[in-house]
Every structure is written in C-alpha cells, then in structure tokens.
Amino acid sequence: MSEINKTMDPISPFPSKIVMSGIRPTGMVHLGNYFGAIRNYVKMQEEFECYFMIADLHSLTTHPDTQTLKSNVRRVLAENIACGLDPEKATFFCQSHVYETSELYLYLNMLAYKGELEKTVTFKDKARQHPENVNAGLLTYPVLQTADIILHRASLVPVGKDQEQHLEMARNFVVRFNHRYGNIFPEPHAFNYQQELIKVPGLDGSGKMSKSENNMATLYFADDDDTIRKKVMKAKTDSGPTEMNAPKPDYIENIFMLMKLVCSDDVIRKFEEDYNQCTIRYGDLKKQLGEDMVNFISPIRQKTNDILANDEYLVEVMKKGAQKSRESAQKTMELVRKAMGLNYF
Ligand code: TRP
C-alpha cells in the first residue's frame, strides 16, 4: 500500500468543490453554447475554484491541421472572455500547454480496456463518420478527458448530456486507479446547478442550435447584424392560429423560447396575447426578435473582435492560464508518481 493511504496527504483526496470543463476549439461559439454552457461557467467562476480548458489536443483526434487550430484557439478564447469568462477569476488555459496531461493520460491508458473504449457512443459515431481515420487517440478520447479532469482533482464537471458516458468512464478509471494505487482522486460528476440545461432551439423549427448542422438555423456570435436579422426572418412560421388560445406548434413554441432568452417581459406578453387572440403577425414578431438578438449579440461580437485585435493580451492570458494550471497539475502528478511507486530515488 502506498504511503498516501496511510498518512493522508496534505492535499485531501476529496478537496473542496473544484470545477473543471473543456471546450472544443472546433467551430464558432453560438447562442446554444452560451445559454447551455458558458453562462453557467460565468456563474461558477464566482463560486468555485474553476479550471476551464480549450481542448486542443482532443481536437487533434479529428482535426490534425494545427494551422487552423491556432486561429480557432484564439477565437474560442476571445469569444468566451467576451461572454464573461474572466481569466482573473477562473484558470482559463489550453490543454496542450499542460504537459502533465500527457503523462497522466499514459498511466490511465493502462487502466482502460479496449472493449469498453470501443463501446463508447462518441467513438462509434466518429469511427462511422471518418472510417479512414480511426486512430488510437480517438479510441482513448475518454481517457484523455479523464486526465484533464482529475489532473486538477476536480469533481464537478459542467457538461451536457452527450458527455455523460465519458464521465461514467472517468469514474470507472478513477475507481480503478484509487483501488490499485491509493485514494488520490475524487470521482467526477456532471454538474449544472441541479437544473436541466437550457436547450436553445434552432431557427428551422427542429432540433437545437449546433455548430455542425444547419448554418441558417444557428446564430453565431460572429454573425454580423444583417446576418442575424436575416436568419431570424427566415425562421419557420405559418399563417397564424385560427382558433383562440390554441396550443402552439413546435416551431412556434421554439420561437417563443428564443424570445424568452433575449426579449423583455413586455414584448413576450404582447406577442403571447396576440397569439391567443389570433391577431399575431409573425413578421412583426420576427422583426422584434431580430432586433433583440442583434442587441444581445453585437456587443459580444465587438468585444471578441477587440480581444482578437490584441494578440499580446491573448498570449498573456494563455501564459497565465498555463502557469496556474501547471502548478495544480504538478502537485497532482507528484502524488500520482509517489502513489504508483514510480519514484525510484
Ligand atoms: N469532450 C468534451 C466535448 O466534446 C470536451 C472536453 C475535453 C471536456 N476535456 C474535457 C469536457 C474535460 C469536460 C471535462 O465537449
């Protein structure tokens, strides 16, 4: 048994609440990311010790071009900061700057079985989409993700439903590690303030806003004002209800949901009434929604552009993030090497 089990390390195996999450640097930030994730990060950074990471190594599993990656990383950094993520409050860093990640990933790989990795839904999806590039990094994606999380001994992981299987695997790897080498790591769990995550519907009346699917259905923070207006005006509607107080079809319900995100209560109440009275004019509604979306998005876009124009600042943010996250990572890795008995002198 390792020393750690006997003596209890100064760093408790179940530390105060530490939050960790990763952001993929593929694709531009959109309204769905903001209301589904970033807004929660902004709140969490006030209440917890937070590590927010740009998952650039993960993106190499499917996007090996590092030239594109370089500009994507800057954009995602800038967009998240423009949305309120504060590098002074949270540790905001790039995965590839924390070399300790690769070491922990290697150790964890010895605890991950081929069978369980092959069963992962995200792996099967990606293998199907890219049969020409089913690499080992893709297979062990959840192992790398586990390393990201437990490197900071985090237990609270703000992620959406699509990541739940990865977290379940992370817990399995942690249990195996702790069992074999001593209680070092807390078990990570999805954490979203005990609420259902807000799903932002797409403008085409089906599904949610997402980066890969229909571009016209998704509002990006990089969209200019006219593009935003145009996308909103194209949202699916019909000729209006024919009966008073009729239930709303899905695509109309979705438009009202979008209004709730950015419009004032008065505006929403007016259009609800118009709908119930069969006097609603969807053209007017969409004009109003378009303006309110522009008012919401354009300051964030401008802030993003200001940040992107200041490369010195971005480099500063990355360096500071790298330093802070490596400090935390190095502490953990000392415990890990000791627990594993890899300290030969
Ligand atoms: N796999 C996550 C996604 O696709 C990104 C990610 C990488 C992550 N490392 C993480 C999320 C660690 C939470 C914790 O969105």
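Note that this is a predicted model, so its numbers are computed, not measured.

What about the pairing of strand S2 (residues 49-54)?
Consecutive side chains of a regular strand alternate in pointing toward one face of the sheet and then the other.
In step 1: The element S2 is largely enclosed, with a buried count of 5 among its 6 residues.
In step 2: The handedness of the strand S1 (residues 18-23) to S2 crossover, carried by helix H2 (residues 31-47), is right-handed.
In step 3: Relative to strand S3 (residues 91-94), S2 runs parallel, the two sharing 4 bridges. Across the sheet, Met 53 pairs through a bridge with Phe 93, a residue of S3.

Section: the domain arrangement of the protein
In step 1: Taken domain by domain, the protein consists of domain 1 (3-199 + 311-340) and domain 2 (215-304).
In step 2: Look at where the C-alpha atoms of domain 1 and domain 2 centre, and you get two points 35 Å apart.
In step 3: The interface is formed by 14 residues belonging to domain 1 together with 14 residues belonging to domain 2.
In step 4: Interface area, domain 1 with domain 2, both sides summed: about 1,200 Å², of which 80% is carbon and sulfur.
In step 5: Broken down residue by residue, the surface that domain 1 buries against domain 2 is led by Leu 31, Phe 35 and Ala 82, which jointly contribute 43%.
In step 6: Along the contact surface separating domain 1 from domain 2 lie 2 residue pairs in polar contact (both at pLDDT 80 or more).
In step 7: At the level of elements, H2 and helix H4 (66-82) are the ones that each hand at least two residues to the side of domain 1 that touches domain 2.

Points about the pattern of salt bridges
In step 1: Evaluation of the coordinates by the stated rule reveals 18 salt bridges.
In step 2: With a closest N to O distance of 3.5 Å, Arg 128 and Asp 125 form a salt bridge. In this pair, Arg 128 and Asp 125 both sit in helix H7 (residues 121-129), 3 residues apart, roughly one turn of the helix.
In step 3: Accessibility expressed as a relative area gives 30% for Asp 125, which makes it partly exposed.
In step 4: Between Lys 231 and Asp 223 there is a salt bridge; the shortest N-O distance is 2.8 Å. Each member of the pair, Lys 231 as well as Asp 223, carries the same accessibility label: buried.
In step 5: Sharing partners across several salt bridges, the network here consists of Glu 46, Asp 86 and Lys 89.

Digging into the site of the ligand
In step 1: Surrounding the ligand, one finds 14 residues, the nearest of these being Arg 24, Tyr 141, Gln 145, Asp 148 and Gln 163.
In step 2: Measuring from a nitrogen atom of the ligand, one finds a side-chain N or O atom of Tyr 141 at 2.8 Å.
In step 3: Of all the elements in the fold, those that place two or more residues in the shell around the ligand are S1 and helix H9 (141-150).

Comments concerning the environment of Asn 135
In step 1: On the secondary structure map, Asn 135 appears in the loop between H7 and helix H8 (136-139).
In step 2: According to the relative accessible area criterion, Asn 135 is partly exposed, its value standing at 24%.
In step 3: Sequence separation of Asn 135 and Thr 61 is 74 residues, and the distance between their C-alpha atoms is 7.2 Å.
In step 4: A distance of 3.0 Å separates the side chain of Asn 135 from the side chain of Asn 133, its partner in a polar contact.

Focus on the packing of helix H12 (residues 250-262) against helix H13 (residues 265-276)
In step 1: At their nearest, the axes of H12 and H13 sit 10 Å apart, and the two run at 160 degrees to each other. Classified by the angle between their axes, H12 and H13 sit roughly antiparallel to one another. For the element pair H12 and H13, the recorded crossing hand is left-handed. Contact residues: Ile 252, Phe 256, Met 259 and Lys 260 in H12; Val 267, Ile 268, Phe 271, Glu 272 and Tyr 275 in H13.

Criteria and cut-off values
Residues numbered from 1 in each chain as written. Predicted model: local features only at pLDDT ≥ 70, side-chain atom pairs only at ≥ 80, totals over all residues. Heavy atoms only, no water. Buried < 20%, exposed > 50% of the residue type's maximum accessible area, 1.4 Å probe, protein only. Helix = DSSP H or I, 4+ residues; strand = E, 2+ residues; numbered from the N terminus. Right-handed = clockwise from strand over helix to strand, strands pointing away. Pairing = 2+ DSSP bridges. Domains from an automatic or database assignment. Contact = heavy atoms within 4.5 Å. Buried area = accessible area lost by both parts, 1.4 Å probe. Polar contact = N/O pair within 3.5 Å; in protein donor to acceptor, adjacent residues only side chain to side chain. Salt bridge = Lys/Arg side-chain N within 4 Å of Asp/Glu carboxyl O. Near = heavy atom within 4 Å. Axes fitted to C-alpha atoms, helices over the stretch in contact; angles between N-to-C directions. Parallel < 35°, antiparallel > 145°, perpendicular 65-115°, else oblique. Left-handed = near helix turned anticlockwise from the far one by under 90°.

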